[in-house]
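Here is how the chains run, residue by residue.
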Amino acid sequence: MPPMNAKSADTRKPKNTKATIKRLMSYLNEDKVKIGLAFVCVLVSSMTNLAGSYMLRPIINNLVADVSAAERISTLAINLVKMASIYAAGVLAAFFQARIMIGVSQRALLKLRGDLFEKLQDLPVRFFDTNNTGDIMSRFTNDVDTIGEMLNSTLVQIFQGIVSLIGTLILMFYTNFWLSIVTIVVAPIMAKIGTTIASRSRKRFSRQQAELGKVNAYIEEIVTGQKVVKVFCHEDKVIDEFETLNDSLKNAQIKAQFAGGMMGPSMNAMSQVNYTLTAGVGSILVILGRLGKFGGLGKKGLFSALDIGGLTVFVNFSRQFSRPINELAQQLTIVMSALAGAERVFDVMDREPESDRGDIVLDHIHGDVVIDDITFGYNPDKTILKDVSIYAHPGQKIALVGSTGAGKTTITNLITRFYDIDKGKITIDGIDIFDINRDSLRENIAVVLQDTHLFTGTVMENIRYGRLDATDAEVRNAAVTSNAHSFIQHLPDGYDTVLEGDGSNLSQGQRQLLNIARAALSKAPILILDEATSSVDTRTERDINKGMDTLMENRTTFVIAHRLSTIRNADAIMVLEHGVIIERGSHEELLAQKGRYYELYTGLKELD
Ligand SMILES: Nc1ncnc2c1ncn2[C@@H]1O[C@H](COP(=O)(O)OP(=O)(O)OP(=O)(O)O)[C@@H](O)[C@H]1O
Ligand SMILES: [Mg+2]
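This is a predicted model, so every value here is computed, not measured. Each residue is numbered by its place in its chain's sequence as written, counting from 1. Working convention: letters from A go to chains and numbers from 1 go to ligands, in the order in which they are written. In keeping with the model being predicted, local features are shown solely for residues with a pLDDT of at least 70 and side-chain atom pairs are shown and tallied solely at 80 or more, while totals for entire chains, interfaces and linings include all residues.

### Brief notes about the site of ligand 1
For each residue, a C-beta atom is placed from the backbone, and the residue counts as near a molecule or strand when that atom lies within 6 Å of it. What surrounds ligand 1 is the set Asp129, Tyr378, Ile384, Gly402, Thr404, Gly405, Ala406, Gly407, Lys408, Thr409, Thr410 and Gln450. Secondary structure elements are taken from DSSP: a helix is a run of H or I of four residues or more, a strand is a run of E of two residues or more, and numbering for both begins at the N terminus. The element contributing the most residues to the shell around ligand 1 is helix α12 (residues 408-415), with 3 residues. Throughout this entry, Asp, Glu, Lys and Arg are counted as charged residues, while Ala, Val, Leu, Ile, Met, Phe, Trp, Tyr, Cys and Pro are counted as nonpolar. The remaining residues, Gly among them, count as polar. Partitioned by chemical class, the residues of the shell around ligand 1 number 3 nonpolar, 7 polar and 2 charged.

What follows is the structure, encoded as structure tokens:
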């Protein structure tokens, strides 16, 4: 019902219509010829439609004409065959048009979706952190769908509507000049009355929605707060308040429903008025024509008299006349929302891709990592890390500790270049990470993310994500190293067990073990472990730690852990607070300092 949709349609207006259309059209470029053909088909089908209904005129006129029975029958037969062939041609054209446009629009959508998906792979982590998943998804679903609808049918329908409008108008004038004038004068008046009624009922419907919202909100509030209502014996007061709201809703609903219910019949009534008027004026014209007035029988051209067949086709035309106008409005709404959708799709495509200035490809590096005085904030107005410096010699194990939100994960985000540093420098074997090719950089860093993801597929495939060319034996080895092997063995299909929906059929700890196995598979000389043991029991944790010790051999490792027992043997421990390293040293040194680390480790002071 239009009153309901009106609001959502308003919010989906494209901003730069011209540019968007142009860009969208570029997706149709290859199919220009086919589209041209489809539009020719539309033209044919609309014109045959008009011509077909016009054929009624000679058919009827033949029935009332002053001719012999034999002649009447043969003319009728010829006319019927003509009519049928015209309609048949129209149906064929419509069929081809649909066939062509479906192919064209689906090909365009295929390319659009492909381009969008490819672009997503190029976008920086920041994009995914700042846009919610639902919003990104809706560009692939809703937006692409409305674009599809527009390409598939709406554009064609609009063209068809315009053709039939013009065609009907021409045929009306051709049939009778004066009657056409009547229709043209009356139609806009009818349209005006129609839109007035519609806008009136739209207002009433939004009143009704508002009242309904109030009632629902009140019910929700009282249901959730029922205990409080009871405790304070407020039942009577609540019932009174509800009655008031309930009553206004009833009144608003009566008004809206009445207006809504009246819309159909009043539109109908107007169409009947138009119909009757046309029939009345038409009949008078037929009578006058017979009397030789107003053109008169036998006269040709614009002012020829109206015959009975003419009157019949004319009333049909005048009925058809207003339909395309009403439909055009709806179709334009679809076009608008499709263009708005296209804009949202192109908006993603125009986002800045992940920066990649460097082209140095790392080859057999030692894993010497220097974080030199870096300062960083996710947003310019809020600094997260301040003057952080960390040196990791090849094979060293550096631990980052600190309370939640201190900036530990942020440091690893900068090493992997998920985000770019504002100030300072990070080097690997003396090479600035900005001069290193992005893929090469990431190939040399194995990461166990704090919040990681398992894909739909087997356990084997999921571990292999760590290094795609790993053999089955290597995958098993990695699982053994990371202590994942024993639980995998007990899964129904072992390594062939299919994981679904981010590994929802596994426990948190098991998921974590698979993630570690992934990292274990990688031969990267630098390793980042973020909270790798946060969600497992103490025994599994011990197992993981054993596995990780093997994993860390000969690799430069950054390990983040809340359980400080796991990092006692680190070469250096950095204590981070509000983005600043406030203490650094070995486990023993830090304990001896009796500072923040000592507090964290001994639990003498609660974490903030
Ligand atoms: N994508 C982001 N956009 C904006 N701010 C962020 C983003 N990620 C983290 N932050 C902010 O940066 C700060 C540091 O976050 P970080 O994830 O580095 O903490 P952490 O030390 O790893 O904490 P935890 O121990 O809970 O994992 C926090 O205040 C957080 O709100
Ligand atoms: Mg973190």
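Let's pick the thread back up.
### Description of the sheet that holds strand β12 (residues 580-585)
At least two DSSP bridges between two strands are required for those strands to pair. Reading across the sheet, the 6 strands line up as β6-β9-β10-β3-β11-β12 and stay open at both edges, with mixed pairing between neighbours. What marks the edges here is a single partner per strand, and that holds for β6 (445-448) and β12. Direction aside, the axes of adjacent strands within the sheet are offset by 15° on average. A fitted line through C-alpha atoms represents every axis, and for helices the fit uses only the stretch in contact; the resulting angles, taken between N-to-C directions, go from 0 to 180 degrees.

### Notes on the sheet that holds strand β4 (residues 423-428)
Overall, antiparallel pairing links the 4 strands, which are arranged β2-β1-β4-β5 in an open sheet. Lying at the two open borders of the sheet, with one neighbouring strand each, are β2 (385-392) and β5 (431-432). Bridge analysis of strand β1 (residues 369-376) against β2 gives 5 bridges, and the strand direction is antiparallel. Bridging from a neighbouring strand, Ile374 pairs with Val388 of β2.

### A closer look at the pairing of strand β10 (residues 556-560)
Where a strand is regular, its side chains alternate between the two sheet faces. Exposed residues have 12 or fewer other C-beta atoms within 10 Å of their own C-beta, buried residues have 20 or more, and residues in between are partly exposed; the C-beta atoms are placed from the backbone. Burial within β10 is extensive, with 5 of its 5 residues counted as buried. Side chains Thr556, Phe558 and Ile560 of β10 all project onto a buried face; the interleaved residues Thr557 and Val559 project onto the opposite face, where all are buried too. Pairing geometry for strand β3 (residues 397-401) and β10, over 4 bridges, is parallel. Bridging across to β10, Lys397 finds its partner in Thr557.

### Looking at the packing of helix α3 (residues 32-54) against helix α7 (residues 133-175)
The geometry of α3 relative to α7 is characterised by a closest axis approach of 9 Å and an angle of 35° between their N-to-C directions. Along this stretch, α3 crosses α7, giving a crossing that reads as right-handed. On α7, the residues that touch Ala38, Phe39, Val42, Leu43, Ser46, Met47, Asn49, Leu50 and Tyr54 of α3 are Val156, Phe159, Gln160, Val163, Ser164, Gly167, Thr168 and Leu171. In this scheme the crossing of two helices becomes right-handed for a clockwise turn of the near helix relative to the far one and left-handed for an anticlockwise turn of less than a right angle. Note on contacts: residues are paired as contacts if their backbone-placed C-beta atoms lie within 7 Å.

### What to know about the nonpolar core
Generally speaking, nonpolar side chains in soluble globular proteins are found buried as a group. In plain words, the nonpolar core is the set of buried Ala, Val, Leu, Ile, Met, Phe, Trp, Tyr and Cys residues that C-beta atoms within 7 Å link up. In terms of nonpolar packing, the biggest core is built from 64 residues, with Ala399, Ile516, Ala517, Ile573 and Met574 touching the most fellow members. Counting residues per element, this core draws most heavily on helix α17 (residues 508-521), which supplies 7 residues. Discounting chain neighbours no more than four positions away, the residues touching Ala517 are Ile463, Ala478, Ala479, Ser482 and Ala484. Among the nonpolar cores identified, the runner-up in size contains 25 residues, and Tyr27, Ile100, Ala108 and Ala338 belong to it.

### Some words on the packing of helix α5 (residues 69-122) against α7
Remark: α5 packs on α7, axes separated minimally by 9 Å, with the N-to-C direction vectors making an angle of 155°. In this view, α5 runs roughly antiparallel relative to α7, as classed from their interaxial angle. As α5 packs across α7, the resulting crossing turns out to be right-handed. Taken together, the residues of α7 that come into contact with α5 (itself represented by Gln97, Met101, Ile102, Ser105, Ala108, Leu109, Leu112, Arg113 and Leu116) are Arg139, Phe140, Val144, Ile147, Gly148, Leu151, Asn152 and Val156. Of the residues assigned to the contact of α5 with α7, the class counts are 11 nonpolar, 4 polar and 2 charged. Any angle from 65 to 115 degrees is called roughly perpendicular, while one under 35 is roughly parallel, one over 145 is roughly antiparallel, and all others are oblique.

### Some words on unusual backbone geometry
Positive phi is not limited to glycine here, since Asp387 has a value of about 45°. Here Asp387 lies in strand β2. The phi dihedral of Lys594 is positive, around 55°, even though this residue is not glycine. Considering the arrangement of structural elements, one finds Lys594 in the loop between α19 (587-593) and α20 (596-602).

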